[in-house]
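The residues making up each chain are set out below.
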Amino acid sequence: MKISDLTTQMARVNNNKTEKQAKVSRVLTFSCVDGPGNRLVLFLQGCNFDCITCHNPHTINHCNHCGDCVSGCPSGALSVVDGKVKWDLSDCTNCDQCIDICNHKSSPKITSMTVSEVLELVRHNQFFLSGITVSGGEATMQLPFIIELFQAIKSDSQLAHLTCFIDSNGSLPQQGWDKVLPFLDGAMIDLKSWQSETHLWLVGRGNHRVFETINYLADKGKLHEVRLLHIPNKSDLDIEVEQVGYYLKGLPSDVRIRLNAFQHHGVIGEALEWSKCTEQQMQSFHDKLYAIVQRPMQTPKVYT
């Protein structure tokens, strides 16, 4: 066994037990749009929603090793070994052709990272960071990893000042949130529609759990932001604007409200035929909400 392999194997053992690992789609060492301040962001692979409008559809499923992406890789970074698709980071040019080819809403470019490996990355960048955000896919599908990671950050004297956030679709039950709350500084939750039937059509599941999550986190002082996606003539947020407005108004005053405009970036399938949300449509939606909510709501700066 190579020394590097032995070192990696030893790093995966902590206090005589196997260290938690996560399937990671992407890491951003610096982001100013995934929570307050400058943040390191982990995008975890796998999601329990199947959103028609998802702009990261390659994070939904795990690779089924069909091999369709291998022959089309222009840099030869993909191969099939023992029936499994293998990705060579050193040869990859990140052209994302493999993602474009995949019909399974997945990616072969997934890495397994231990808590120690993430901590090493955080320490390397700590002087430039306000905190860490775990996103997805749906981050909470790998909750044990998140809990161990956040707990390690909060117990480290050099890192404890960093805030720990989760970007979530709100599907985690209360019992799950209870486990991570002691180490959680805040969460950003998506509210994709008002009516459960519309939500079921858009993502494949109802929205009752989303409302439960928003209400629960707000009550615990852990709700940082609620995000609404405006899809003109498709979603029901503008149709139900009065009820949506009074609901948002009832949230604590320190909870941020972000209005996102549906665009085509990253989207696949039928949603590409939908009209994009224009700046004028977003402004109209904002004004109707603001008349009720009466507090600042962030709107997009760029429309594509």
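Conventions we followed
- Residues numbered from 1 in each chain as written.
- Predicted model: local features only at pLDDT ≥ 70, side-chain atom pairs only at ≥ 80, totals over all residues.
- Heavy atoms only, no water.
- Helix = DSSP H or I, 4+ residues; strand = E, 2+ residues; numbered from the N terminus.
- Rg over C-alpha atoms; globule rule 2.2 N^0.38 Å.
- Buried < 20%, exposed > 50% of the residue type's maximum accessible area, 1.4 Å probe, protein only.
- Contact = heavy atoms within 4.5 Å.
- Axes fitted to C-alpha atoms, helices over the stretch in contact; angles between N-to-C directions.
- Parallel < 35°, antiparallel > 145°, perpendicular 65-115°, else oblique.
- Left-handed = near helix turned anticlockwise from the far one by under 90°.
- UniProt positions renumbered as here; feature names shortened; annotations may be inferred.
- Pairing = 2+ DSSP bridges.
- pLDDT = per-residue confidence, 0-100.
- 1 Å grid on protein atoms, 1.4 Å probe; cavity = no way out; pocket = protein on both sides within 12 Å on 5 of 7 lines; lining within 4 Å.
- Points joined across faces, edges and corners; volume = space filled by probe spheres on them.
- Nonpolar A, V, L, I, M, F, W, Y, C, P; charged D, E, K, R; others polar.
- Expected span 1.5 Å × (residues − 1).
- Salt bridge = Lys/Arg side-chain N within 4 Å of Asp/Glu carboxyl O.

> Explanation requested: the overall build of the protein in the structure shown.
Per the secondary structure count, the protein includes nine helices and 12 strands. A compact globule built from 304 residues should have a C-alpha radius of gyration of about 19 Å, and the protein, at 20 Å, falls within 12% of that. Taking the principal axes of its C-alpha atoms as reference, the protein extends roughly 65 × 45 × 35 Å. Within the span of the protein, comprising 304 residues, buried residues form 48% of the whole. Once local pairs closer than 6 in sequence are excluded, the contacts in the protein between residues at least 24 apart make up 66%.

> What is the right way to read the packing of helix α3 (residues 115-125) against helix α4 (residues 143-154) from this model?
Describing two packed helices takes the angle between their axes plus the distance from one axis to the other. Contact geometry of α3 with α4 gives a least axis separation of 10 Å together with a crossing angle of 45°. By the angle between their axes, α3 is oblique relative to α4. Crossing of α3 against α4: the hand is right-handed. Within the contact between the two elements, α3 uses V115, V118 and L119 and α4 uses F145, E148, L149, A152 and I153.

> Looking at this structure, how should I read the UniProt feature "domain: Radical SAM core" (unreviewed entry) in the protein?
Residues given the UniProt feature "domain: Radical SAM core" (unreviewed entry) here are residues 33-304. Regarding residues 33-304, the helix share stands at 29% and the strand share at 18%, and the terminal C-alpha atoms are separated by 17 Å.

> Explain the pairing of strand β4 (residues 39-44) to me, please; I cannot follow it from the model alone.
Note on strand geometry: in a regular strand, side chains alternate between the two faces of the sheet. Counting buried positions along β4 gives six out of six residues, so the element sits mostly inside the fold. As judged from the five bridges shared by β4 and strand β8 (residues 131-135), these two strands associate in the parallel manner. Opposite F43, over in β8, you have S135 as the bridge partner.

> Would you explain the confidence of the model for the protein in this entry?
Atomic detail in the predicted coordinates should be set aside for any region of low pLDDT. Residues with a pLDDT of 70 or more make up 94% of the protein, whose mean pLDDT is 94. The low-confidence segment residues 1-16, where pLDDT is below 50, has 15 contacts with residues more than four positions distant or belonging to other chains.

> What's the story with empty space enclosed by the protein in this structure? I'm lost.
In this approach the atoms are scanned with a rolling probe the size of a water molecule, which exposes any empty space left behind. Applying the stated rule across the entire model yields two cavities of 30 Å³ or more. Lining the largest cavity are 14 residues, and of these C63, N64, C66, C69 and C102 sit closest to its centre. In terms of residue class, the lining of the largest cavity is built from seven nonpolar, six polar and one charged. Of the voids in this model, the second largest cavity is the one considered here, and its volume is about 90 Å³. Taken together, 15 residues line the second largest cavity, and the ones lying closest to its centre are C73, C92, C95, D96 and C98. In the lining of the second largest cavity, the residues fall into nine nonpolar, four polar and two charged.

> Explain helix α7 (residues 208-219) here, please?
Every α-helix carries 3.6 residues per turn, so stepping three or four residues along brings you back to the same face. For α7, built from 12 residues, the straight-helix expectation of 16 Å at 1.5 Å per residue is met to within 8% by its first-to-last C-alpha distance of 17 Å. On its buried face, α7 sits against α5 (174-180), β10 (186-191), α6 (196-203), β11 (223-230) and α8 (241-249). Positive phi appears at G221, one or two residues downstream of α7, with a value of about 75°.

> How should the pattern of salt bridges be read in this particular structure?
Opposite charge on two side chains makes pairing possible when the charged atoms of those side chains draw close. Using the criterion set out here, one finds 11 salt bridges in the structure. Note that D185 is salt-bridged to K154, the shortest N-O span being 2.6 Å. Here the residue D185 occupies a position in the loop between α5 and β10, and K154 occupies one in helix α4, the gap between them amounting to 31 residues. A salt bridge links R227 to E225; its shortest N-O distance comes to 2.5 Å. Here R227 and E225 have matching classes, each one buried. Each of D167, E225, R227, R256 and R258 takes part in one network of salt bridges that share partners.

> Please clarify how the pairing of β10 should be interpreted in this entry.
Counting buried positions over the six residues of β10 gives six, a clear majority of the element. Both strand β9 (residues 163-168) and β10 contribute to a ladder of four bridges, which runs parallel. By the bridge assignment, S168 is partnered in β10 with I189. Across five bridges, β10 lies against β11 in parallel orientation. Looking at β11, one finds that A187 is bridged to L223.

> What is the right way to read the environment of V210 from this model?
By the secondary structure assignment, V210 is in helix α7. Sequence-wise, V210 and G83 are 127 residues apart; in three dimensions their C-alpha atoms are separated by 39 Å. When neighbours within four sequence positions are excluded, V210 is seen to be in contact with F49, N169, G170, I189, D190, L191 and H199.

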